[in-house]
Amino acid sequence: MYFGFGRFWWIIIILLVVYLFFQNKNINRFNHKTEKDPLQILKERFAKGEIDKEEFEEAKKMLDK
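Peer 1: With reference to specific residues and values, describe the overall build of the protein.
Peer 2: Each helix and strand in the protein was counted, giving three helices and zero strands. Relative to its 65 residues, the protein shows a buried fraction of 5%. Counting only carbon and sulfur atoms, one obtains 64% of the accessible surface of the protein, whose full area is about 6500 Å².

Written out as structure tokens, the structure is:
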């Protein structure tokens, strides 16, 4: 009976490790979706009309450096 109970805890530990591994992968995957490239942000601001063409070109030159 002792050996069966010991196996039970090993199964629980393994399942916990697998669960935490997949949770970590999901968190990392969602973080990458929210990060934006500075040039993409600049293009979005230009498209919304927040900045004009001169400001867009000047900022784009600064990003290219």
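Peer 1: Before we move on, can you summarise the packing of aromatic side chains with the specific residues and values?
Peer 2: Taken as a whole and judged by the stated rule, the model has two aromatic pairs. On the basis of an interplanar angle of 70 degrees and a centroid distance of 5.4 Å, the ring pair of Phe8 and Trp9 is categorised as edge-to-face. On the basis of relative accessible area, Phe8 is assigned to the partly exposed category, the value being 42%.

Peer 1: Break down a nonpolar patch on the surface for me, citing the residues and quoting the values.
Peer 2: Taken together, Trp10, Ile13, Ile14, Val17, Val18, Phe21 and Phe22 make up a surface patch of nonpolar side chains, about 740 Å² in accessible area. Looking at where Val18 falls in the secondary structure, it is placed in helix H1 (residues 2–34). With a relative accessible area of 40%, Val18 lands in the partly exposed category.

Peer 1: Go over the environment of Glu50, please, and point to the residues and values.
Peer 2: Tracing the sequence through the fold places Glu50 in the loop between helix H2 (38–48) and helix H3 (53–64). Non-local contacts of Glu50, meaning those with residues more than four positions away in its chain, are made with Arg45 and Glu55.

Peer 1: So what's going on with H3? Residues and values would help.
Peer 2: The end-to-end C-alpha separation of H3 is 16 Å, in line with the 16 Å expected for twelve residues at 1.5 Å each. For H3, the buried fraction is low: one of the twelve residues fall into the buried class.

Peer 1: Can you explain the packing of H2 against H3? Please cite residues and give values.
Peer 2: Two elements in contact, H2 and H3, have axes separated by 10 Å at closest approach and are oriented at 175 degrees. The angle between H2 and H3 falls in the class roughly antiparallel. Of H3, the residues touching H2 (which contributes Pro38, Leu39, Leu42, Lys43 and Phe46) are Lys53, Phe56, Ala59, Lys60 and Leu63. Counted by class, the contact of H2 with H3 contains seven nonpolar, no polar and three charged residues.

Peer 1: Tell me what's going on with a negative patch on the surface, and back it up with residues and numbers.
Peer 2: The grouping of Asp52, Glu54, Glu55 and Glu58 at the surface amounts to a negative patch. When its relative accessible area of 53% is taken as the criterion, Glu58 is described as exposed.

Thresholds, definitions, all that
- Residues numbered from 1 in each chain as written.
- Predicted model: local features only at pLDDT ≥ 70, side-chain atom pairs only at ≥ 80, totals over all residues.
- Heavy atoms only, no water.
- Helix = DSSP H or I, 4+ residues; strand = E, 2+ residues; numbered from the N terminus.
- Buried < 20%, exposed > 50% of the residue type's maximum accessible area, 1.4 Å probe, protein only.
- Areas by Shrake-Rupley, 256 points an atom, 1.4 Å probe, with all protein chains shown as cover.
- Phe/Tyr/Trp six-rings, centres within 6.5 Å; stacked < 30°, edge-to-face > 60°.
- Patch = residues over 30% accessible without salt bridge, like charges linked within 9 Å, V, L, I, M, F, W, Y side chains within 5 Å.
- Salt bridge = Lys/Arg side-chain N within 4 Å of Asp/Glu carboxyl O.
- Contact = heavy atoms within 4.5 Å.
- Expected span 1.5 Å × (residues − 1).
- Axes fitted to C-alpha atoms, helices over the stretch in contact; angles between N-to-C directions.
- Parallel < 35°, antiparallel > 145°, perpendicular 65-115°, else oblique.
- Nonpolar A, V, L, I, M, F, W, Y, C, P; charged D, E, K, R; others polar.
- Lys, Arg positive; Asp, Glu negative; His and termini not counted.
- Charge placed at Lys NZ, Arg CZ, Asp CG, Glu CD.

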